Structures are given as structure tokens and as C-alpha cells.
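Structure assessment
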Amino acid sequence: MYHKLLQKQIRKYLPDDLVDQESCRAFLESVNNSYESFERDRELMEHAFTISEKEFAEVNDELNTLADQRLLTLKQLNETISSLLGSDQPVDEMGNLVALSEKIKAQVKINKLTEEELSRNITIFKTLLANLQSGILVENEDRKILFTNKLFCSIFNMGDNPDLLVGKDCTESANHCKDLFQAPAEFVNGINSLLQNRKAVYNEMVETKEGRILERDFVPIYVDEVYKGHFWKYTDVTEKVHYQESLQESEERNRLVMNSSLDAIVISDDEGNVEYWNPRAEQLMGWTQTEAMGKSMTKLFIPDHMRSAHDTGMNRYLDTGESRILNKELELTAINKAGEEFPIELVVVTYQQNGKHYFCGFMKDISSRKRSENLLKAQEEKYRNIITNMNLGLLEVDKEETILFANQSFCEISGYSVEELVGNKTSLFLLSEKEVSVLQQKHQLRTRGVSDSYEIAVKNKKGEVRWWFISGAPNYNDEGDLVGSVGIHLDITKQKELESALAIAKNRAEEASVAKEAFLANMSHEIRTPLNAIIGMIRELSREELSPKQQTYLSHTDTAARHLLSIVNNILDISKIEAGELKLDEHNFSLQALIANISSILHFKASKKGIKLTSRLSENIWSAFIGDSARIRQVLLNLLDNAIKFTIEGSVHLDIEVLGEEENSQKIRIAISDTGIGMDPDYLDQLFSKFSQAEKSTSRRFGGTGLGMSITKEIIKLMGGDIVVESTKGVGTQFQIMVELSKGDINKLSDRIQDSEHLLQGAHVLLVEDNVMNRFIANKSLSHFGCTTDEAENGLVALDLLKKNKYDLILMDVQMPKLDGVETTKIIRNDLKLDLPIIAVTANAFKKDIDLYLSIGMNDYVTKPFEEKELFSTIAKQLVWNIPPPTSVANNIDDGYDLSQLIELSRGDEEFVKNMVGIFLEHTPPALEEMTKALADHDFTTVAKVAHRIKPSVESMGIRQLDGVARDIELSAKEEIVDEEGLSSKVYFLTETLSAVLEKLRKEE
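Model, not experiment: these values are computed from the prediction.

A contiguous nonpolar patch, built from Leu 392, Phe 469, Ile 488 and Leu 490 and spanning about 270 Å² of accessible area, is present on the exposed surface. Secondary-structure assignment places Phe 469 in strand S14 (residues 465-476). Its relative accessible area of 31% is what places Phe 469 among the partly exposed residues.

Take the sheet that holds strand S12 (residues 403-406) next. Pairing in this open sheet of five strands is antiparallel, and the strands run S12-S11-S15-S14-S13 from one edge to the other. Looking at which strands have only one partner, the edges of the open sheet turn out to be S12 and strand S13 (452-459). Taken over all neighbouring pairs, the strand axes of this sheet differ in orientation by 30° on average, direction set aside. Here strand S11 (residues 393-398) pairs with strand S15 (residues 482-491) via six bridges, running antiparallel. Following the sheet pairing, Leu 394 is matched in S15 by Ile 488. Relative to the sheet, helix H17 (residues 433-447) contacts S13, S14 and S15, its axis offset from that of S13 by approximately 150°.

Adjacent strands of a sheet form backbone hydrogen bonds with each other and so pair up, either parallel or antiparallel. Ordered in space as S7-S6-S10-S9-S8, the five strands form an open sheet in which the pairing is antiparallel. A single partner strand is all that each edge strand has here, and the edge strands are strand S7 (274-277) and strand S8 (330-335). Taking the axes of each pair of neighbouring strands and ignoring which way they run, one obtains an average angle of 35° across the sheet. By the bridge criterion, six bridges tie strand S6 (residues 264-269) to strand S10 (residues 356-365) in an arrangement that is antiparallel. Its bridge partner being in S10, Ile 265 is matched across the sheet by Phe 362.

Moving on: the packing of helix H26 (residues 795-804) against helix H27 (residues 821-830). For the pair H26 and H27, interaxial distance at closest approach is 9 Å and the crossing angle is 25°. On the basis of the axis angle, H26 is roughly parallel to H27. Crossing hand, H26 versus H27: right-handed. Contacts between H26 and H27 involve Gly 795, Leu 799 and Leu 802 from the first element and Thr 824, Ile 827 and Ile 828 from the second.

The next subject is the pairing of S12. Here S11 pairs with S12 via three bridges, running antiparallel. Bridge pairing in S12 places Glu 396 opposite Phe 405. As consecutive antiparallel partners, S11 and S12 are separated by four residues, and within that stretch Glu 401 has a phi angle of approximately 65°, a positive value.

In helix packing, the relevant descriptors are the interaxial angle and the interaxial distance, both defined with respect to the helix axes. Running from N to C, helix H32 (residues 940-956) and helix H33 (residues 965-974) point in directions that differ by 160°, and their axes come no closer than 8 Å. The orientation of H32 relative to H33 falls into the category roughly antiparallel. Helix-helix and strand crossings are classified by hand; for H32 and H33 the assignment is left-handed. Between H32 and H33, the residues in contact are Phe 940, Val 943, Ala 944, Ala 947, His 948, Ile 950 and Lys 951 and Ala 966, Arg 967, Ile 969, Glu 970, Ala 973 and Lys 974, respectively. Of the residues that constitute the contact of H32 with H33, the class distribution is eight nonpolar, one polar and four charged.

Next up on the list: helix H25 (residues 772-784). Relative to the 18 Å expected for 13 residues at 1.5 Å per residue, H25 spans 18 Å between its end C-alpha atoms, a close match to the ideal helical length. Listing the buried residues of H25 in full gives Asn 774, Arg 775, Ile 777, Ala 778, Asn 779, Ser 781, Leu 782 and His 784. For H25, the side-chain oxygen to backbone nitrogen distance between the N-cap and Asn 774 is 2.9 Å, and the N-cap itself is Asn 771. The positive-phi residue at the C-terminal boundary of H25 is Gly 786, with phi of around 90°.

Quick notes on the rules
Residues numbered from 1 in each chain as written. Predicted model: local features only at pLDDT ≥ 70, side-chain atom pairs only at ≥ 80, totals over all residues. Heavy atoms only, no water. Patch = residues over 30% accessible without salt bridge, like charges linked within 9 Å, V, L, I, M, F, W, Y side chains within 5 Å. Areas by Shrake-Rupley, 256 points an atom, 1.4 Å probe, with all protein chains shown as cover. Salt bridge = Lys/Arg side-chain N within 4 Å of Asp/Glu carboxyl O. Helix = DSSP H or I, 4+ residues; strand = E, 2+ residues; numbered from the N terminus. Buried < 20%, exposed > 50% of the residue type's maximum accessible area, 1.4 Å probe, protein only. Pairing = 2+ DSSP bridges. Axes fitted to C-alpha atoms, helices over the stretch in contact; angles between N-to-C directions. Contact = heavy atoms within 4.5 Å. Parallel < 35°, antiparallel > 145°, perpendicular 65-115°, else oblique. Left-handed = near helix turned anticlockwise from the far one by under 90°. Nonpolar A, V, L, I, M, F, W, Y, C, P; charged D, E, K, R; others polar. Expected span 1.5 Å × (residues − 1). Polar contact = N/O pair within 3.5 Å; in protein donor to acceptor, adjacent residues only side chain to side chain.

Structure follows, in C-alpha cells:
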């Protein structure tokens, strides 16, 4: 605590902020010590007379010491004050306190004036900060608020009175207001980073959740390189930013428009130097933007002969404001970088910016248009000459059909001169009232503005009848009024005579075609009918036990019969193609299954020749397509069979790849390559011609009719595809088929009828066929399917049987004596009113015949000679929905047997019969168990052996329902590619039937 006198002086003369300064406190302490010393001295003087001399002397010594100390203190104080207040007066060695006081007083006055000036400046500065259009915050080094304004408080929701915030701690202010911003964490991290780095940062953008954009400035405050606080400024620049963005978008849009313009756009300053050069200008002139910028237009694209006029026109405009080219479409020429001059269409506009003139030119290359205009002029001249000299007669008439003009060609075809024609009527050429009527109708059309062409018979000047082809049109004047008509005339007399001859020839050709079709139909019937018996008998023989030699003979016979059938089929296909009757039977099918079937068919043939047959299908092949699988199979079999036939050694490869895919289709390429004999290039052009073969020796060596490739090409063409071939003699051949197939549904495959011959078990069929052999073959196949059959040799017998019995289906031959199949079917449908399925069995494979059969009420057809599987499939399609499916196979199992064959063999020896039955009962169950186990283990060799072993027992026991079943199982199990599903069905039927027979035999023992 200071001396009371000193306290009074301090309160009177010194400001509070000066008192707290460290240097001032030292001074005041020194002054305070002086005051205290003075007090002590006065007290000593008061008590001087009361102390002893000795004490006085001691006190005197002490006083002297204190005086010295005081003088020293005053000297130090004077120096301190001089140093503190900047006084340049000499130090008072005597310690004149009055002088020192006066000095302090004078300095205090100066300081007060300085303080007032500083206060006034601070007030002005605060007022300035308070009224800035930015939020201001000033903090000291401890983050205490020294100043803020209302706008800052408004931005950060801190109330309306900024004075109340002075002195507040802002350490956590960033966390308190972070939720005002779009990115709270980034806002806080930004504040902390700025405070940590203590470096000035300007124009930093932050965005509030309300969508306002604030520009932030941060300025650290240093005094004598000592950090004393910092300055924040937040300015709402939302509108400015949005305006700048809009401006940038507008500029970018304008730039894109100009850069995308089909016209070359060039901007130059008032000195003719390029300031903008768009991409189209680069393309048109050949100069890049980098090369063109800043260069004179005269050096870039203005031709030499136009530069003087360009410079004169620009100077005139700059001097007088007069221009002859601004805002006008001009056709001029320009020159490109390569020195080539070409025509352009030019539009020039001008504008001012920042007090400077700019010129903007829009240029379009009109070279093509100019060429077209020149070509049009040339064509107009050409057609003008053509009209004058053409071979077509030109006639112009008025509305009353009076001739106004005729060219020389019309004079020549009519026989009249121009003088004879002009002014005359068109009736001059007419033969009769019929032609007059025609011309009147055409005249009415012209009055309605209709043009058309027609033929008319006329007479020339000599009276000869001629035929003219006339193309007539209405004729209008410049005001659009109808003034008559114009006709172009062509003498077609020779063509009409040719047409008449062609019509006669056409009738004769049609008659020949009908005769050929009738011949082919008869030939087809006469050949197919015995072929049906031959192939059927071969099929039945194949089911019997034959020696290897017999099998060889049978195989050769089958090959010869099928070759003959293929010839007949090829001839009929060619006939259908020529008649336009070859149609596609489109349905869902699996290409993968089709290829597997073809490979299995041809594998043996290839292996027999020592040729490797391979195939590859792309993984991307669709699972099912819609198309004619039979025709595709025919094409691939023909190509692959030929490849194997003409390949002596090496390989044949089938490759299928996806070329393209759409939502509902796939385009595929089928390539068939071989290492065969190849073909000469000269032959490839006629490869697909009918009856074409590479050499006569080829036919003798390899056989064939030369029809297969022609049919193949036509089928592929009918599918909308294409086939190409590449071949090198002695190297090999490759065929490529490109075809687009519609995607199908694998769940709708047409071949999904269960492939079990016992599906038709128990069906009652009426077979109507006049040929005994064909009845025999069909009967054997139907029996093999498990059907019961009644036979009728003609339609009359069939009708009698239908009146007596009930049938599930009729197999109807077409050509029969007494009453044929067509008439019989009509009676069945119309008179007997029966709706049971009728399947035509015919040798006539023409479309008109098939259409006839279906139109009279037949449900389907098979052609002779038929394949057993085809017959089965056709019957199954008709009966599969009519015969109710069994609840289990056991319900259809027949446990019947017939021992008459054993009894006959025993010659009355009952013991022999009993022993044979006992052997059957003993050995059959283990055989069935062995067969079932082998099937489960996929041991098809054992299955075939057991079936072969068990077959004699089945036949001797007279189990008729199993006729051929054991033999069928044996053959199926020996196939190279085993149909496991079909084999399993047959084995199951055999084991169930035999189990039922065994059970019945045991009960009857």
C-alpha cells in the first residue's frame, strides 16, 4: 500500500492502465520509499531533542546514511523517469523533488493527451468495425473477447448486444456453434487449425445449414513479435457466390455453344487480331487455336485478293461507323492453312467491351452447296436438252385437250408433224369410245391435281394400232392456276406383244408345273410305299437275334434304303422350293440337344473311317430357341455328312459361336471345318447350284445327287441366314452359317413328351391301310408300343369297324381302293360325328396335300416311310392328353403268362413244365436284382448281358406284354450314348411285370 500522499497524487495524475505497468510500479515503489523516508526523518527530528548526544550522533550517522541512500534513490528515480518518459533533461544530482514533480506532471499531461487521442481513435475504429457488413470478432491471446459487432452476433445467434460478450471466454465457442454449419466437424477442425498455426488466412469459404455461404478471414495480432490475440471476419457472400456461379455457368454455356457450333466462329479486336477461335474454325481453316490466337486474320484465312478490301472496310467502320458487310449474309471465299481457297457463307457482327471494338464472324463452308447448285444448273441444262431430244414423246395440252406443244419424239411415235399436231385435239389418236372414256377419267384426275400413269391403245397417222404408256400430270402457271396437263409418252407396242407371248408361255409353264407336281406326287407314292415296307422290315429284323454276317447284310440294306429315301426327299424338297411351298415349322428346341443328337448319329460313321469328329458350343448359347429344328438338323447333317464323306483322314470340327445378342434373339455362327479333299476355287461359285458336283469322278467315287447343297442354301435363306464357303484343294473346306434365332423357353420344348414306348400301353388303334406289307410293319410297331390294333384294308371296312367298336386313334392311309382316306375322314367327321384323333399315313408330302388332310378334319400326319420314333411321337401328341396317366406303373402291370409253348415243347410231360417253371422262379429274381443294381451303377454292359440272358425265359413263359422289351433293353444299353431315362423306364417296366408274374406263379403252385 502506497503512502497516502502518493496515493492522492496517483489518483489525480496517473491513469489506471499506466499504474499497472511493471516499469511504473518500480518507479512508484521508489517514490513511496522516499515518502516513507521523509516521514522517518521528520519523526527523528521531533525526537532529536529528547535523545542523548550519543544517540544523536548515532542517529545523525544513520540519517547521513539514509540521506545518501535517498540521494542515490532520487538519482535512480530521476533516471528511471527520464528513461520511462523519454525526457532529455539532465539528471538533478541534488534530487530536486519539485523539478522531478514538475517533470512528471508535464509528462502526465502529454500522456493524457495521447490517451485521449488513442481513445478517440479506438472509438472511431470500433465504430468502423461495428458498422462493417461483416461479422467481426477480436480475441486476446487467452481467447477472451475484446470486441465483436452485432452482425457477428446475428450470424452465430449470440444475442443483440455485443458489449455483453466483451471479456467472455471463446475457447468452446466453435463447438457451441458448429451445428449451424453444413460440415460441423470440418468447421471445428478449421478453427482449431487456424488458432494452432497462427497464420493469416483470407477468403476461406464455409457454408451454413441454411445454405448461406460465409467468407472467413483470420488475422493473428502480433506486437513486437509477441502474439497478443487474433482477428476474425465473417462476410455473407451467398449472393455474390451465386452470381459468380451463374456468371460462370453462363460463360461456360456460351463457350460450349460456341465450341459446339457447326459454324466457324472467330472474334478479332479492332486491329484485326484473333481473340477467339472455336474448334470448328480449327477444322475449317486448319489452324489450331494456339496457332491462331493473336495473329492477324489476313494472315490466317483472308485470300490475298480480298485483303485490301478487308483492311479498307475495317478502317472505314472504325473512322465513320459505316459498314457495307455488318449483319448481312455474304458469300465469299476463304483460304485454309494448306493454301486451298473455298467458298464460305459469312455473317459479321460487332460489339464494344471496355471501350474497345470487337468483330465476331460466323463462317460456314458452303463447298457442298455450291457443288450442288452447280450440279443442279448442269442438270437443268441437261434435262432441258433431254426433253428436246429424248426418245420419249412429250405432249402439252390445255384444259380443253387442245395440243399446245409436242416434241420431236412425239412426232416420230405418232407419225404427225408439229404443225399437224399443234391446235388439234387429242381425240385424233383414239380408236374407240373406250379410249375416249379413259381420257375423260384422266382429265378429271388432272383437274383435281392428281398425276398417274396408264396404258392405252391408239392409232398413228398411218392408222396402225399402237400401245402407248403415258405418264400424265397437271400443268400450272406461275400463279398456281391449272392451265392444262403434260404427258410423257412411250411406245410399248413391242412390250405388249412380248407380254402376250409371255402370258402364253406362263400358262404353258403352269400346266407343266402342275403335270410335274402330279408326276412327283405319284412317284413319291409309288416309291415311298414299298420303301416303307422295306425299311419297316429292316427295323423288325434288327430286333431279332442275327449273326454278325447277317447284321452286316442288314446294315448295308438299311443304308441303301435310306439313301434311296434321301434322294426322294431331296427331289421333293427341290420341288417344294421351286413351288414356294417349303415352309418352316417353328417351335421351341434345344440347340445343345440337337448337336448332341447329330454327333451321336455321325460318330460311328466318322470312327469307322478313322476320322476325329469334334464339336464346340459357346457357353453363351441360349438354352432354347424358336425355329425349325428338323430343317436345322437336315442342314447340319448334310454338311457334316459331306465333310466326313469327303475327308480321307484327319478331322471334322463343328464350332458354334455367338456373334451378337439382342433382348429377344441371338445371332450365331455355325462353322463346319474338315481336312478333306477340298474344292477348286472355280467350282465354289456353282457349289449351291442344283445337280452340281466338283468333278464327274467325285460322283463316281463318293456318290450323291448334287441336290443337298442347293437345298441347304435355300433352307438357310428361308431362315433369314446366310452361308459362305472357303476351300482349298487338297487342304480342306470350311462352311460358315450366319443366322439369327429367336430366343425360346426351355420349359416349352416340343420334345418333352416322355420318351417311353410304354406311354401308349393299352391304346386301341384302328389301322386303315390297303397294302398288306405296310399293315404288317405298322402293326409290329404299334405292338412294340403296347397298342392293340384292328386292321381295315379300305375306308368301307374302317367305317364298319367304327360303328361296332370304340377306338382311341385312327391311322389312315390316303390312297386306297373303294373308299380313300380323304372321303373316309369326311364321313367320320360329318356323318358319324366322331372326334377321335385321325393321323394320315401318306406318301404325298406336298404342302397342298397336307393342307387338304388337315382341312377335312385329320389331326396330324406321318410320311411314308416313317421312322418308328416319329410314329410314336405323333401318336403320343394326340393321345397323351386323352389317355389318363396311371397313378403308378404297378396299376398297368399285366401279370398274365401263357405256358402253351412249354406244354407243346414238353409233349405232354407235365413234370418238364413244372421243372421249367421252377427254374424260372429260381433264376429270375437274382437276375432282376443284378440288372437293377447294374443300372444304378451305370454298368450298362451288365444290363445288356442280363437282358440277353433273361429274354429266352420270358419268351418261353409266354409273357406277351414283354414281347421285345428285353431285346429293346439290350439294344438301348449297347448304344454309344445311352438314354438313361428311357432305359430306366424300360427296366422298371420289365422288373415290375416279371415280379407280378412271379407272384402269381407262386400262388398257383
